2 protein chains.
Amino acid sequence: MRTILTGAALAALGTAAMAQDETKVIGVSIPAATHGWAGGMNFHAQAAVERLEEVYPQLDFVLSTASDPAQQVNDIEDMLATRDISALVVLPFESEPLTAPVQAVSEAGAWVTVVDRGLAVEGIDDLYVAGDNPGFGRVAGEYMAEKMPDGGNIVVLRGIPTTIDNERVEGFQAAIEGSGIEIIGMEHGNWNRDESFNVMQDFLSRHEQIDAVWASDDDMAVGVLAAIDAAGRDDVQFVLGGAGMKEMVKRVMDGDAMIPADVTYPPSMIATAIEMTAVGMTSTTPVSGTFTIGSVLITPENAEQFYYPDSPF
Amino acid sequence: MRTILTGAALAALGTAAMAQDETKVIGVSIPAATHGWAGGMNFHAQAAVERLEEVYPQLDFVLSTASDPAQQVNDIEDMLATRDISALVVLPFESEPLTAPVQAVSEAGAWVTVVDRGLAVEGIDDLYVAGDNPGFGRVAGEYMAEKMPDGGNIVVLRGIPTTIDNERVEGFQAAIEGSGIEIIGMEHGNWNRDESFNVMQDFLSRHEQIDAVWASDDDMAVGVLAAIDAAGRDDVQFVLGGAGMKEMVKRVMDGDAMIPADVTYPPSMIATAIEMTAVGMTSTTPVSGTFTIGSVLITPENAEQFYYPDSPF
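Cut-offs used in this document
Residues numbered from 1 in each chain as written. Chains lettered and ligands numbered in written order. Predicted model: local features only at pLDDT ≥ 70, side-chain atom pairs only at ≥ 80, totals over all residues. Heavy atoms only, no water. Helix = DSSP H or I, 4+ residues; strand = E, 2+ residues; numbered from the N terminus. Buried < 20%, exposed > 50% of the residue type's maximum accessible area, 1.4 Å probe, protein only. Pairing = 2+ DSSP bridges. Axes fitted to C-alpha atoms, helices over the stretch in contact; angles between N-to-C directions. Contact = heavy atoms within 4.5 Å. pLDDT = per-residue confidence, 0-100.

1. Quick notes on the side chain of Ser-268 of chain A
Step number 1: Examined against the element boundaries, Ser-268 of chain A turns out to sit in the loop between strand S10 (262-263) and helix H10 (269-282).
Step number 2: On the accessibility criterion, Ser-268 of chain A (5% relative accessible area) is buried.

This is the structure:
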């Protein structure tokens, strides 16, 4: 469902009342990207800003995308100096270099919403929006346990060694416990297609029977599928990735047996952060705190809700 | 800042476009109350519904307040049977009796947002909105440590023995560690004014010098203040409560030395839950997950933001 009012209609209607209402500016600062998860994030940030400019005529938005941390620092300093922002929504390129400029925004009295990656100092952000990594693993594990009621042998590809990856894998392992599913191989594919191709090629050469793969990420799943194809193997029944890449969501939607499901770690969490910041700026509703976006199982039944054909991701 | 459009203006403007947009109904089911925290919650639920009916003409709301769990069960069954709700926002009276009816709503395909008190079965709610109990204690402890740089002797009143109370007290104790503040007495006042009066009376008779009180709740603070008055003691420099009761926020706003600050545990979290559910119904923004509303320190500088003179709480 879309907002039914156009900006022009609202502008015409709102003129008289607007005068009484102070316009507030919300700055949005995110890393630039033309593909991948960050590309999806840019798409959803733009869409949220467009939607909210229609819903709330008393809000203005300034959206900046930066190619490196230094540019993002400049963007934020600019928003504060020249746009008099009342709130900043920021997905930091890196934690360290962005901490001081975001702190300056907070100290100037503006609201700060931080998305996905924390800052190096705690307590700066009023609102923190991030994904749920233990839940991401748990949802994947629960799906596999349900899909393989008699158990089976699986291999697992892990991401870059990080707390994020550890939390995901621990959540997965806890969820498959007692299911009869055995992890016969687990290696780091580092959230990279090519590396995951090589890892999967190695798994295939070492194991005669692999029933399924937890690729744990859609980019890694692409590499895994290519390796299975290249080897001409038909023992692998399905591959479960994660994130919600549109090509994978499309395969789920189309009933592709090799990609029967996916698990969200949505780049659209930037939209959640922008929406909540807008609620905070236009109402007395409390929106300070921590919002942990749940990881949801995508199946053929609900895949359409998660499919954004216009997004690069 | 208020929404600038009236419902009538929007209705006039929206007629043509509305036809294309399916109206969705959001049910809100909460315990009834005429005073206290639940009274504030009713006030903010009503305010959020009124605001959102103006912002989103494509949403209808049905708000029911129940005097007991059985009535709340009926309300929810009614919403599902006769109002065809697309989403339910529920603050359960009690966990056990509400679990099955809310599960039925979820199984019928509607979105479920649960507020403050969890259900007896996990995984029913799409969104869970609740307060931050460890943070509530931490913010209180940090304030006390800053307010008493040379340390001092304090007494603490605890709530009803529950996980909530334990988390709050542990957060508080961790925050005052190393500050020179000593807890010379700690007893349960059970979130009750009269019991807290008695507990404080006992503290005053046993201790000649009490520098400050962490009452940990505004109702308990009312009892504590009455006991101090009745005893005619002037050693107690200040009392710190918690929740954001309007009488206490007013005293903070007025610069009352005995109530120099307060810590939020806002009944307006119901508004957060309703707002986020509305975002979920009107956009593709992900709003599933867990939102932990932060506890914020109320001081004379920001008290006005937290003062709702029309609310019963």
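2. Here's the deal with the sheet that holds strand S7 (residues 181-188) of chain A
Working definition: the strands of a sheet are paired by backbone hydrogen bonds and lie parallel or antiparallel to each other.
Residues and elements named next belong to chain A.
Step number 1: Here we have four strands laid out as an open sheet, ordered S7-S6-S8-S9, and parallel in their pairing. Unpaired on one side and paired on the other, S7 and strand S9 (238-240) mark the two borders of the sheet. On average, each strand axis in the sheet is inclined to that of its neighbour by 20 degrees, with strand direction left out of account.
Step number 2: Bridge count for strand S8 (residues 212-214) against S9 is three bridges, and the pairing is parallel. Residue pairing in the sheet places Val-213 in a bridge with Val-239 of S9.

3. Regarding the pairing of strand S5 (residues 127-131) of chain B
Residue and element names in this part refer to chain B.
Step number 1: Most of S5 sits inside the fold, with four of its five residues counted as buried.
Step number 2: Two elements, strand S4 (residues 111-115) and S5, share three bridges in a ladder whose sense is parallel. Considered in S5, the bridge of Val-115 is made with Val-129.
Step number 3: Pairing geometry for S5 and strand S11 (residues 289-293), over five bridges, is parallel. By the bridge assignment for S11, Leu-127 is matched with Gly-289.

4. Quick notes on the sheet that holds strand S7 (residues 181-188) of chain B
All names here are of chain B.
Step number 1: In space, the four strands of this open sheet follow the order S7-S6-S8-S9, with parallel pairing throughout. What marks the edges here is a single partner per strand, and that holds for S7 and strand S9 (238-240). Ignoring strand direction, the axes of neighbouring strands in this sheet form an average angle of 20 degrees.
Step number 2: Where strand S6 (residues 152-158) meets strand S8 (residues 212-214), three bridges bridge the pair, whose relative direction is parallel. In the strand pairing of S8, Val-156 is matched with Trp-214.
Step number 3: Here helix H6 (residues 163-176) sits on the sheet in contact with S6, S7 and S8, set at roughly 170 degrees to S7.

5. Quick look at the confidence of the model for chain A
Residues and elements named next belong to chain A.
Step number 1: Confidence in the prediction of chain A, expressed as mean pLDDT, is 92, and 93% of residues score 70 or more.
Step number 2: Per-residue pLDDT stays below 50 along residues 1-20; that stretch engages in 37 contacts with residues further than four places along the chain or on separate chains.
Step number 3: Interface scoring of the predicted complex returns ipTM 0.85; its pTM is 0.87.

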